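A look at the structure
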Amino acid sequence: MSLTTDLSQATPPNGKPAMGKAGARRPGSRRAGSGDEPGGSAPAPRRRSRQRRERLFQWLFLVPAVVYMALFFGYPVVKNVVMSFQDYTTATFFTGEAPWVGLANYATVLSSSLFSTSLLNTALFTVGSILGQFVIGLALAVFFQRKFPLNGILRSLLLLPWLLPLIVSSAVWRWILDKDSGALNRFLGDLNIVDTGVPWLTSTSLALIAVVGVNIWIGIPFNLTILYGGLQEIPDELYEAGSLDGAKGWKAFRHITWPMLRPVVSVVLVLGVVYTLKVLDIILGLTNGGPANSTQTIATQSYGLSFQEFKFGEGAALGNILVMISLVFAVLYLRASRRAVDE
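Treat the numbers as computed from the prediction; the structure is a model and nothing was measured. (Residues numbered from 1 in each chain as written. Predicted model: local features only at pLDDT ≥ 70, side-chain atom pairs only at ≥ 80, totals over all residues. Heavy atoms only, no water.)

**A look at the overall build of the chain**
Stated formally: Numbering of helices and strands starts at the N terminus; helices are DSSP runs of H or I of at least 4 residues and strands are runs of E of at least 2. Whether two residues are in contact is decided by their heavy atoms: any pair within 4.5 Å suffices. Only the protein chains shown count as covering a residue, and every accessible area follows the Shrake-Rupley method with a 1.4 Å probe.
Helices and strands together make up the secondary structure of the chain, namely 15 helices and zero strands. Sequence-distant contacts, at least 24 apart, represent 64% of the contacts inside the chain between residues at least 6 apart. In the structure as shown, the chain presents an accessible area of about 22300 Å², 65% of it carried by carbon and sulfur atoms.

So this is what it looks like as C-alpha cells:
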C-alpha cells in the first residue's frame, strides 16, 4: 500500500483530520469555561437567585433586632409623644378615654414655678457630674498606662461602682452621708475636722453637692474604661518620635495624647451627658428631690408628675422636653467636634 493511499484513508472528505477518542467532543458535552464549570461565571438567573437567598438570610438575622427595637424603644417613644398631647389620667385605664388637649400639657409644665428650679438643678447636676467623672476618669486612665504590680486587679476593683445596682449604691451612700450615724461624719469627727454632724442630705446648700459627688463616684468606671481603651490605641511610635523633639510629659499629652484621643472623648462626653440628664435612681434614693426641691431635676419632676400625682400627660410632656434637650446637646457637640477635627 502506498503512502498516498494511507493518507487518503486517514483524512476525511472535508479535509479536516479526524479526532481521536481523547479529542472527540461527544454530543451533550460542555465546553470549558461554560457557566456550569468551576472556572466559569454562573448564569445570570442563577446568580440573581443566590443573591436573593443571601439577602433573605440577612433580613432573617435583622428582623429580631428590628422587632425588639420597635417594641421596646419605638413604641414607648411614640406612645409618650401621643400621651403628652392628651389628658391622660388614672381614669383612662378604666374608660380608655384620653381627651386631646394639644399643647396644654407643655404650657402647664413650662409655666410652673418648679420647672425653672428643675432646669437649673439639672444643668448644675449634669455639668458637675460630667466634669468630675471625666477629669478623674482621664487621670486614672493615664495613670494605669504605666506598668506596675497589681495594675489589672486595681482596674478591676474600680469597676465595682459601675456594676452595682443604682438602688444599692444609693442605699449605701445614704448610710454613709447620714447626719447622725453616717460613716463620713464619724470619720471627719475622728480627724477633728467637724464637731457636729454635717447635714449632707438635709441641707438645701449641700444636698445637690452630695448627690453630684455620688454620681461622680458611679460614673468614674465608665470614663476610665472607655478612655483607657482609647489610650491603648495610640501607637508608641508617636511618643518615641515626640520625645526626640522634646515632647515629654505635659507636652506629649497636649500635642499627641489629646488630639489622638479626641474622637473617644466626644463619645464619652455625649454618652455621659445623655445618661446624666436622665439620672433618676440616685436622686430618688438619696433625697427624693428634696430638701425643698433643692435636688429636683427634670427627670425627677417628670417621675413625680406621672407616678405620684398621676398626671401622665404632663409627665410625658416633661419627659419629651428632656429628650429634646439631650438631642440638641448631642447634635451641637458632635458638629462642634467634627468642625474641630476638620480644622
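After presenting the structure, the write-up continues.
**Observations concerning the environment of Gly-242**
What counts is decided by this rule: Each residue is placed in one exposure class: buried if its accessible area under a 1.4 Å probe, protein chains only, is under 20% of its type's maximum, exposed if it is over 50%, and partly exposed if it falls in between.
Topologically, Gly-242 is positioned in helix H11 (residues 236-244). Its relative accessible area of 9% is what places Gly-242 among the buried residues. Between the C-alpha atom of Gly-242 and that of Ala-252, which follows or precedes it by ten residues, the distance is 6.9 Å. In contact with Gly-242, other than residues within four places in its own chain, are Ala-247 and Ile-256.

**A word on unusual backbone geometry**
Most peptide bonds take the trans form, and the phi angle of most residues other than glycine is negative. That bond from Gly-290 to Pro-291 is cis: its omega, -10°, falls within 30 degrees of zero. Following the sequence through the fold, Pro-291 ends up in the loop between helix H13 (281-286) and helix H14 (298-307). Positive phi values are uncommon outside glycine, yet Asn-192 reaches one of about 60°. The exposure class assigned to Asn-192 is exposed, which follows from its relative accessible area of 67%. Within the chain, Asn-293 stands out as a residue other than glycine whose phi angle is a positive 60°.

**Side note on the nonpolar core**
To be explicit about the condition: Buried residues of nine kinds, namely Ala, Val, Leu, Ile, Met, Phe, Trp, Tyr and Cys, make up a nonpolar core once their side-chain atoms join them within 4.5 Å.
Of all hydrophobic cores here, the largest spans 28 residues; its most connected members are Phe-134, Leu-227 and Leu-318. Top contributing element to this core by residue count: helix H12 (residues 250-277), with eight residues. Contacts of Phe-134, omitting those with residues within four sequence positions, involve Asn-223, Leu-227, Trp-258, Val-265, Val-268 and Leu-269.

Interpretation note: all reported values are geometric properties and have no functional meaning in isolation.
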